[in-house]
Amino acid sequence: ALSGNRDWKPAWRKPDPKPRYDVIVIGGGGHGLATAYYLAAEHGITNVAVVEKGWLGSGNIGRNTTIVRSNYLLPESVRFYEFSMKLWENLSHELNYNVMFSQRGVLNLAHSPGQADAFIRRGNAMRHGGVDAEWLTPQQIARKVPGLDTSGSARFPIAGGLLQPRAGTARHDAVAWGYARAADRRGVDLIENCEVTGFLRDGDQITGVSTTRGDIRAKKVALAVAGSTSRVLQRAGIERFPIESHVLQAFVSEAIKPFVNCVVTFGAGHLYMSQSDKGGLVFGGSLDFYNSYAQRGNLPTAEDVMSEICAMFPAVARLRLLRSWGGVMDMSMDGSPIITRGPLPGLYLNCGWCYGGFKATPASGYSFAWTIARDEPHAINAPFTLSRFERGAAIDETGHGPTPKLH
Ligand code: FAD
């Protein structure tokens, strides 16, 4: 950098789109890039383009609070997110790129005997599925996280906490860059500033995409556009889809000395907080509860989040807030994702990540690539179909996770 970046080589090429590919992946977020990487690395399919309307990593992959965990209740989710956790544990080596994966633990605080029971039940389900989980008493929590108000006179006294020691955080945009560079090195074309404006079709069959950089044909078109899913599907003539888009905000404080060494979540409301390597506290809360495609949020939600963090960590009230931003979440109706063929022939769909798609990035890319390459799901994504909504076979994680009553 001191040389004015003169001798720096770009981490990936900037190719023009070719007229035709085997696979086009729409969306250069974490999931799209991971999918392209695993198509090349696991299935030898390298004639692949990722088309991104902005720059790589401009969406939610670069906007999240970076929490990685597999502390779910339902067996389908436990299997999927634990598969992801195992990929995370080797990701920096696999990509030869430091994604700064830090297994510092995620601690879910419970604030009533009923909530403690529910969390212990989830901890038992996790252990049953081979995932690490520990129950901590208020005394153990006070020793582990000294900044917390663990007194009996706290606004919401702490009844205990569920800890997943292997959970943690990662550097979010490094994940995008790592997958991008590794996919590019295997021959994948990463095409930025290229918005998909329509679909090429032969009857119902999808045969390519129209973009702001011209038409591109492909045998298979895979959609991984997160909060833009319903808008892009409209361009394929699908008007109604079980995904709602909502803004989720995140916040960073000024940098301070080491204050909290794990991720802590507040069960009396909805708040999650960790400290970045630079020293800032990184935190977020619930959605802005109206539909929006704007990447910014509103002040009442910000106020709500601030009041929660001050209830949990009173000392934080004196800190200054440095930045806030928003991302557009693809909320499914049961809190679980969709990774499947369809809904039209030649089209493949990856969406419905709600609050939790960052941690899913490796497993999502792995299983989506598998589904595209083999035209059948991998065992971990087989339950996450679109037809589950028609069949009433919802995988309802909304009421069970560490963040109850999300919708
Ligand atoms: P994105 O990065 O949004 O990628 C989609 C891409 O599609 C975008 O780059 C977009 O520009 C592109 N696109 C859209 N339309 C088109 C088009 N027509 N043509 C071409 N390209 C198009 N998850 C966790 O697991 N842990 C967390 O702590 C966490 N915290 C979060 C906090 C916030 C504030 C937010 C916003 C999200 C958080 N998430 C978290 C969720 C997670 O970030 C998302 O679920 C995940 O990043 C979504 O997948 P993606 O990375 O592929 O999405």
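Calculation criteria
Residues numbered from 1 in each chain as written. Predicted model: local features only at pLDDT ≥ 70, side-chain atom pairs only at ≥ 80, totals over all residues. Heavy atoms only, no water. Helix = DSSP H or I, 4+ residues; strand = E, 2+ residues; numbered from the N terminus. Rg over C-alpha atoms; globule rule 2.2 N^0.38 Å. Buried < 20%, exposed > 50% of the residue type's maximum accessible area, 1.4 Å probe, protein only. Areas by Shrake-Rupley, 256 points an atom, 1.4 Å probe, with all protein chains shown as cover. Lys, Arg positive; Asp, Glu negative; His and termini not counted. Charge placed at Lys NZ, Arg CZ, Asp CG, Glu CD. Near = heavy atom within 4 Å. Polar contact = N/O pair within 3.5 Å; in protein donor to acceptor, adjacent residues only side chain to side chain. Nonpolar A, V, L, I, M, F, W, Y, C, P; charged D, E, K, R; others polar. Contact = heavy atoms within 4.5 Å. 1 Å grid on protein atoms, 1.4 Å probe; cavity = no way out; pocket = protein on both sides within 12 Å on 5 of 7 lines; lining within 4 Å. Points joined across faces, edges and corners; volume = space filled by probe spheres on them. Salt bridge = Lys/Arg side-chain N within 4 Å of Asp/Glu carboxyl O. Pairing = 2+ DSSP bridges. Axes fitted to C-alpha atoms, helices over the stretch in contact; angles between N-to-C directions. Parallel < 35°, antiparallel > 145°, perpendicular 65-115°, else oblique.

1. Some remarks on the overall build of the protein
Reasoning step 1: In terms of helices and strands, the protein carries 10 helices and 18 strands.
Reasoning step 2: Relative to the globule expectation of 22 Å for 407 residues, the C-alpha radius of gyration of the protein, 21 Å, shows essentially globular dimensions.
Reasoning step 3: Overall size of the protein, expressed as C-alpha extent along the three principal axes, is 65 × 60 × 40 Å.
Reasoning step 4: Across the 407 residues that make up the protein, the buried fraction comes to 57%.
Reasoning step 5: Looking at the protein as shown, the accessible area adds up to about 17,300 Å², and 51% of this sits on carbon and sulfur atoms.
Reasoning step 6: Averaging the positions of the 43 positive and the 36 negative side-chain charges in the protein gives two centres separated by 4 Å.

2. Side note on the site of the ligand
Reasoning step 1: The full set close to the ligand counts 38 residues, and E52, N60, T65, Y355 and K359 are the nearest of them.
Reasoning step 2: A distance of 2.9 Å separates a nitrogen atom of the ligand from a polar backbone atom of V196.
Reasoning step 3: G356 places a main-chain nitrogen or oxygen 3.2 Å from an oxygen atom of the ligand.
Reasoning step 4: Breaking the shell around the ligand down by element, the ones donating at least two residues are helix 1 (30-43), strand 12 (243-255), strand 16 (321-332) and helix 9 (357-374).
Reasoning step 5: Of the residues in the shell around the ligand, the class split is 17 nonpolar, 15 polar and 6 charged.

3. Points about the environment of F368
Reasoning step 1: Along the chain, F368 turns up in helix 9.
Reasoning step 2: Sequence separation between F368 and G187 is 181 residues; the distance between their C-alpha atoms is 19 Å.
Reasoning step 3: If we ignore the near neighbours within four places in the chain, the residues touching F368 are T35, A222, L223, I339, T340, Y348, L349 and N350.

4. Considerations on the layout of surface pockets
Think of a ball as big as a water molecule: rolled over the atoms, this probe shows where empty space is left.
Reasoning step 1: Of the voids in this model, the second largest pocket is the one considered here, and its volume is about 610 Å³.
Reasoning step 2: Looking at the second largest pocket, it is lined by 26 residues, and the ones nearest its centre are R171, H172, S276, K278 and V282.
Reasoning step 3: Elements supplying a minimum of two residues to the lining of the second largest pocket: helix 6 (172-185), strand 12, strand 14 (271-275), strand 15 (280-291) and strand 16.
Reasoning step 4: The element that contributes the greatest number of residues to the lining of the second largest pocket is strand 12, accounting for 4 residues.
Reasoning step 5: For the lining of the second largest pocket, the class distribution of residues is 7 nonpolar, 12 polar and 7 charged.

5. As for the environment of R217
Reasoning step 1: Within the element layout of this structure, R217 appears in strand 11 (residues 214-223).
Reasoning step 2: Through-space distance from the C-alpha of R217 to that of R20 is 4.5 Å; in sequence the pair is 197 residues apart.
Reasoning step 3: Filtering out sequence-adjacent residues up to four positions away, R217 remains in contact with P19, R20, Y21, I24, L200, T207 and G208.

6. Considerations on the pattern of salt bridges
Reasoning step 1: Summed over the entire model, instances satisfying the criterion amount to 17 salt bridges.
Reasoning step 2: The closest approach of N and O atoms between D334 and R388, which form a salt bridge, is 2.7 Å. Of this pair, D334 sits in the loop between strand 16 and strand 17 (338-341) while R388 sits in helix 10 (residues 388-391), placing them 54 residues apart in sequence. Accessibility assignment for this pair places D334 and R388 in one class, buried.
Reasoning step 3: Connected via shared salt-bridge partners are E82, K86, E89, D132 and R166.

7. What to know about the pairing of strand 13 (residues 263-266)
Reasoning step 1: Neither face of strand 13 is left uncovered, since the one carrying V263 and T265 and the one carrying V264 and F266 both have all their residues buried.
Reasoning step 2: Summarising the sheet, strand 4 (residues 106-110) and strand 13 pair through 3 bridges and their orientation is parallel. Among the inter-strand pairings, V106 is bridged to a residue of strand 13, identified as V263.
Reasoning step 3: Examined bridge by bridge, strand 13 and strand 14 share 3 bridges and lie antiparallel to one another. Following the sheet pairing, F266 is matched in strand 14 by L271.
Reasoning step 4: From the end of strand 13 to the start of strand 14, which pair antiparallel, there are 4 residues.

8. Considering unusual backbone geometry
Reasoning step 1: Here G342 and P343 are connected by a cis peptide whose omega angle stands at 5 degrees.
Reasoning step 2: Its place among the elements puts P343 in the loop between strand 17 and strand 18 (347-351).
Reasoning step 3: Phi is positive for N5, which is not a glycine, with a value near 60 degrees.
Reasoning step 4: By relative accessible area, which is 40% here, N5 ends up partly exposed.
Reasoning step 5: Even without being a glycine, A226 presents a positive backbone phi close to 45 degrees.
Reasoning step 6: Assignment of secondary structure puts A226 in the loop between strand 11 and helix 7 (229-234).

9. Quick word on the packing of helix 2 (residues 75-89) against helix 9
Reasoning step 1: At their nearest, the axes of helix 2 and helix 9 sit 8 Å apart, and the two run at 95 degrees to each other. What the angle tells us is that helix 2 and helix 9 run roughly perpendicular. Contacts from F80, Y81, F83, S84, L87 and W88 in helix 2 reach F358, K359, A360, T361, P362, A363, S364, Y366 and S367 in helix 9.
Reasoning step 2: Class assignment of the residues belonging to the contact of helix 2 with helix 9 gives a composition of 10 nonpolar, 4 polar and 1 charged.

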